[in-house]
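Each chain, letter by letter, is given below.
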Amino acid sequence: LDQTGVTEPTVREALKRAVAAHLPGVEASTLRLVGISGISKATVDAGASNTWTADAVKVEVEVGPSASSPATSLDRIEAQLILASTAGHAAARLDAAITEALAASGVAPPS
């Protein structure tokens, strides 16, 4: 995945669908990609994000619940985003979903 790839509408939609699928009460239509940046593993380990490589991708989103979601769903959405931003089972599931969605949109996973 490179900077050119993330500007492709099919890739952006694939990212939106994958992230929305892991958030309670969120539809891709209520999710907005705010920023996408590539970061190296060394940069991830150091906690910074100012480089662009295929080691990792930082996706920043804004979400809102769908019209049919309960008012309390924003707390659940926030909790899921926090879990997905840490190393663990939720992050691994989201990573797998994003990899699958990107592959379906024609982006080959890193080797």
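Our subject is the structure listed above.
Draft legend 1. Summary view of the pattern of salt bridges. If you walk through the whole model with that rule in mind, you get two salt bridges. Residues glutamate 62 and arginine 32 are paired through a salt bridge, measuring 3.1 Å at the closest nitrogen-oxygen approach. Of this pair, glutamate 62 sits in strand S2 (residues 56–63) while arginine 32 is found in strand S1 (residues 31–39), placing the two residues 30 residues apart along the sequence. Residue classification places glutamate 62 among the partly exposed residues on the basis of a relative accessible area of 42%.

Draft legend 2. A look at the nonpolar core. Among the nonpolar cores identified, the biggest contains 19 residues, and Leu15, Val19, Leu23, Val26, Leu31, Ile98 and Leu102 are the most heavily contacted of them. Among the elements of the structure, helix H1 (9–21), S1 and helix H4 (89–104) are those that each provide at least two residues to this core. With six residues, the single largest contributor to this core is H1. What leucine 31 contacts, discounting residues up to four positions off in sequence, is Lys16, Val19, Ala20, Leu23, Val26, Val61, Glu62 and Val63.

Cut-offs used in this document
- Residues numbered from 1 in each chain as written.
- Predicted model: local features only at pLDDT ≥ 70, side-chain atom pairs only at ≥ 80, totals over all residues.
- Heavy atoms only, no water.
- Salt bridge = Lys/Arg side-chain N within 4 Å of Asp/Glu carboxyl O.
- Helix = DSSP H or I, 4+ residues; strand = E, 2+ residues; numbered from the N terminus.
- Buried < 20%, exposed > 50% of the residue type's maximum accessible area, 1.4 Å probe, protein only.
- Core = buried A, V, L, I, M, F, W, Y, C linked by side-chain atoms within 4.5 Å.
- Contact = heavy atoms within 4.5 Å.

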